[in-house]
Amino acid sequence: MSGKKRNDDGLTLNTATRTSSESAGVAPASDDGVTWKHAVAKIRRIQQTVGTPNNDDPGYVRQKKNGKLWVRERLAALLDQDSFVEVGSLTGKPVLDEKTGQMKEFIPANMIIGWGRVDGRKVFVTADDFSVRGGHADGGIQGKAAYGEALATQHRVPIIRLLDGSSGGGSVATYLSAGATYIPPLAGLGQSMTAMTVVPVVSALLGPVVGLGSAKAVTSHFSVMVKGLSQLFAAGPPVVKQATYEDLSKEALGGWEIHGRNGTVDNVATSEHDAFRQIRTFLSFLPSSVFTIPPVVSSSDPADRKEEELISIIPRRRARTYDIRKLIRLIVDMDRTSGGEEQQNSSFFEIGAIWGRSVVTGFARLQGLPVGVLSSDCTVGGGALDALGSQKAARFVNLCDHFGVPLLNLVDQPGFAIGSTAERMATIRHGVAIMAALYHATIPIFTVILRRSFGVAGGALSDPGDGLNTRVAWPSADWGSLPLEGGIEAAYKRQLDAALSREKMMKDLLAKFEDVRDPNRTANVFGIEEIIDPRDTRPLACEWINHAYNNLLPPRLIARQASSTAMPKKYKL
């Protein structure tokens, strides 16, 4: 008998009700000697067994006690309804009754893989089952994940990993059963790295993710961990205690406060369902592979919308801050179908909000067309490029360039972070990474200089095309080799030190330079291509993005498709 079963988390699962004969291990059907019904019945029985939660199983009980969804509940919550088609559904270890020879128990593999759909688009999912041996490789059959990722790469569909445990990593218990130790293999990471060159790869951390699982988490284009539920570490607390004598909890060793803030993981979610929502949103901006155009959606937001707030959002006093996220939301598409407040309506999806906080990155839409957004947050360190901000910016620009998403570059950059901490963090080394990412990018970039652009960092952000840019500036723009205040201090140090009134002389010098710093003076000598009314930013950006999708991205895509013949057609397992 089959039916619907509602679990503790309110999800409806497609399950089958076990009969007493099934529990006793009685053969589901006799062989009629003519058809293959008996074989099909045996297959269905195994599928039914592994697809139905066993409330008495210690692993399942532990999973629920820890407030976690069961692996198949996760698949139901992530994917479109009834879209999951499993690959390797019979993978596992049958335990036979010694007397009858009938199967009395079936220990499933600790990883489920298969096809599914997210918002109607085909994806491939690999999902760890932590209830079976904590996800270690000896809990089932190795190789499923590597096969799945190679298959997804071959079919050019996005890969979603639901990580919980070591994700097929090794355990010393295998040494005894194998009778020998072994040289550690790459364990499927080769397939992961190949996949990242072709399709979007995303990872959700849904529990303690350790060893091989932690490597998979960062071998992704986007990763998200759940606050209070997920941890990530190369080795867990017992191994750490043995090696470094640190007695740490999982959360203290690798919780969200650590990896959500150091850039190991991109985003932090409040729940598993929030993590799945973020994954769906992230994928909605990217093509299924590098060989297709990013997905376009319909938008009711007028291209000629001009927001009055933009004319005053940048304060006249240069030392005052403003809300860059509000500025972004005023420019990009508003999702009129979602309801709620302005921020909830915005198409802007931020990536890395709590790490590298001087930089703001994320995806949005202009007239339904995906666009990457890069900017700075002047409320964090003045918006100066520090080491983490540079890493975050470079990673994001490379992501956009890899998948052909045009970049809206909103510049307010005072320069690289300075001081002893900045030097210890190798800021300039990481800063060159964002410079190189922008310089080598082949995607269309629309640069809008909002306010500051100073020094090498300012040049990297405001002149990505090395002289040939699609670029405008706002009247609030302020630029130069150094911020004027600091530059005067450096250039007139002797005079200022010798002055009777240092403060008066500094004030007089600033007044002299005030007219020179007017951006119109730069426009007079064609040092900036155009200065615009801030309210015209969205119409101009929409015009640019339409031209990019109609005229610039297709030839780029044709060239990439032509070069794909050089890619391997087989994938080593």
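Starting afresh in each chain, residues are numbered from 1 along the sequence in its written order. It should be noted that, the model being predicted, local features are given only for residues of pLDDT at least 70 and side-chain atom pairs only at 80 or more, the latter also being counted only at that level, while totals for whole chains, interfaces and linings use all residues. Water and hydrogen atoms were dropped before computing side-chain values, which therefore reflect all heavy atoms in the structure.

Glancing now at the overall build of the chain. Tallying secondary structure elements over the chain gives 23 helices and 19 strands in all. Residue burial is assigned from relative accessible area. The probe radius is 1.4 Å, only protein chains are included, and a residue is buried under 20% of its type maximum, exposed over 50%, and partly exposed in between. Within the chain, buried positions represent 49% of all 573 residues. Summarising the internal contacts of the chain: among those between residues at least 6 apart in sequence, 71% fall at separations of at least 24. Each helix is a run of H or I in the DSSP string that is no shorter than four residues. Each strand is a run of E no shorter than two, and both are numbered from the N terminus. Contacts are residue-level and defined by heavy atoms, with any inter-residue pair within 4.5 Å sufficient.

Okay, the pattern of salt bridges next. Criterion for a salt bridge: a side-chain nitrogen of Lys or Arg within 4 Å of a carboxyl oxygen of Asp or Glu. In total, this model carries 31 salt bridges according to the counting rule given. As a salt-bridge pair, aspartate 266 and arginine 395 come within 3.1 Å of each other at their nearest N and O atoms. Placement of aspartate 266 in the loop between helix H11 (256-259) and strand E12 (267-269) and of arginine 395 in helix H15 (residues 387-403) is noted, with a sequence separation of 129 residues between them. A relative accessible area of 5% means that aspartate 266 is categorised as buried. Using a relative accessible area of 38% as the deciding quantity, one classes arginine 395 as partly exposed. Arginine 535 is the salt-bridge partner of aspartate 533, the closest N and O atoms lying 2.8 Å from each other.

The subject of this paragraph is empty space enclosed by the protein. Put plainly, a pocket is an open set of points on a 1 Å grid over the protein atoms alone with protein on both sides within 12 Å along at least five of seven lines, a cavity is a set where a 1.4 Å probe fits but cannot get out, and a lining residue has an atom within 4 Å of a point. Grid points are joined across faces, edges and corners, and a volume is the space filled by probe spheres set on the points. Tallying each qualifying case throughout the model produces three cavities of 30 Å³ or more. Volume-wise, the largest cavity comes out at about 80 Å³. Lining of the largest cavity is provided by Val50, Arg72, Glu86, Gly88, Ser89, Thr91, Pro108, Ala109, Met111, Ile112, Asp129 and Lys144.

The element strand E14 (residues 359-366) is largely enclosed, with a buried count of eight among its eight residues. Of the two faces of E14, the one holding Val359, Thr361, Phe363 and Arg365 and the one holding Val360, Gly362, Ala364 and Leu366 are both buried throughout. Note on pairing: DSSP must find at least two bridges between two strands before they are called paired. Relative to strand E15 (residues 369-376), E14 runs antiparallel, the two sharing eight bridges. The partner of arginine 365 across the bridge, within E15, is proline 370. Two successive antiparallel strands, E14 and E15, enclose a turn made up of two residues, where glutamine 367 displays a positive phi of approximately 55°.

Time to look at the packing of helix H5 (residues 144-155) against helix H7 (residues 189-196). Only the stretch in contact is used when a helix axis is fitted, and all axes are lines through C-alpha atoms; the angle between N-to-C directions ranges over 0 to 180 degrees. Direction vectors running N to C along H5 and H7 enclose 20°, while the axes themselves pass 8 Å from each other. By the angle between their axes, H5 is roughly parallel relative to H7. Seen from above, H5 lies across H7 with left-handed handedness. Here H5 contributes Ala146, Glu149, Ala150 and Thr153 to the contact with H7, which in turn contributes Gln191, Ser192, Thr194 and Ala195. Under the grouping applied here, Gly and all other residues not named as nonpolar or charged are polar, the nonpolar ones being Ala, Val, Leu, Ile, Met, Phe, Trp, Tyr, Cys and Pro and the charged ones Asp, Glu, Lys and Arg. For the contact of H5 with H7, the class distribution of residues is three nonpolar, four polar and one charged. The labels follow the angle: roughly parallel below 35 degrees, roughly antiparallel above 145, roughly perpendicular from 65 to 115, and oblique for the rest. Here a crossing is taken to be left-handed if its near helix is turned anticlockwise relative to the far helix by less than a right angle, and right-handed if that turn runs clockwise.

Glancing now at the packing of aromatic side chains. The aromatic pairing rule takes the rings of Phe, Tyr and Trp, using the six-membered ring of Trp, and pairs them if the centres are within 6.5 Å, calling planes under 30 degrees apart stacked, those over 60 edge-to-face and the rest tilted. According to the stated counting rule, one finds nine aromatic pairs in the structure shown. Each ring, one from phenylalanine 222 and one from phenylalanine 282, has its centre 4.6 Å from the other, and the planes form 15°; the classification is stacked. One end of the pair, phenylalanine 222, is in strand E10 (residues 222-226); the other, phenylalanine 282, is in helix H12 (residues 272-284), and 60 residues separate them in sequence. Its relative accessible area of 0% is what places phenylalanine 282 among the buried residues. Seen in terms of ring centroids, tyrosine 492 and phenylalanine 513 are 6.4 Å apart; in terms of plane orientation they differ by 75°. Their pairing is edge-to-face. Of this pair, tyrosine 492 sits in the loop between helix H19 (484-491) and helix H20 (493-498) while phenylalanine 513 is found in helix H21 (residues 502-514), placing the two residues 21 residues apart along the sequence. Look at tyrosine 492 and you get partly exposed, because its relative accessible area is 25%. An aromatic cluster of at least three residues, connected via ring pairs, comprises Phe222, Phe282, Phe285, Phe349, Phe363 and Phe396. Distance and angle both matter: a charge sits over a ring if NZ of Lys or CZ of Arg is within 6 Å of the ring centre and within 35 degrees of the ring normal. Looking at lysine 68, its charged tip hangs above the ring of phenylalanine 130, at a distance of 4.3 Å from the centre.

Okay, the confidence of the model for the chain next. The predicted model of the chain averages 88 in pLDDT, with 88% of residues at 70 or higher. Within a predicted model, pLDDT stands for the predictor's per-residue confidence, ranging from 0 to 100. pLDDT under 50 marks residues 1-27. Its contacts with residues more than four places away, or in other chains, come to 58 contacts.

On to the side chain of glutamine 63. Its location among the elements puts glutamine 63 in helix H3 (residues 58-65). Setting aside its immediate chain neighbours within four residues, glutamine 63 contacts Lys68, Leu69, Trp70, Arg74, Phe130, Ser131 and Asp164.

Attention now goes to the environment of lysine 68. Tracing the backbone through its elements, the reader meets lysine 68 in the loop between H3 and helix H4 (71-78). With relative accessibility at 3%, the residue lysine 68 sits in the buried group. In this structure the C-alpha to C-alpha distance between lysine 68 and leucine 206, which are 138 residues apart in sequence, comes to 7.8 Å.

Within soluble globular proteins, side chains that are nonpolar generally end up buried alongside one another. Nonpolar cores are built from buried Ala, Val, Leu, Ile, Met, Phe, Trp, Tyr and Cys residues. Side-chain atoms within 4.5 Å join them into one set. If you look at the biggest cluster of nonpolar residues, it comprises 79 residues, and the most contacted ones within it are Val125, Ile160, Leu162, Phe282, Phe363 and Leu407. Of all the elements, H15 adds the most residues to this core, at seven residues.

It is worth spelling out the pairing of strand E8 (residues 159-165) at this point. With seven of seven residues buried, E8 lies mostly within the body of the structure. Here strand E7 (residues 121-128) pairs with E8 via four bridges, running parallel. Pairing of phenylalanine 124 across the sheet is with isoleucine 159, part of E8. Alignment of E8 against strand E9 (residues 201-210), held across six bridges, turns out to be parallel. The residue bridging leucine 162 from the neighbouring strand is alanine 204, located in E9.

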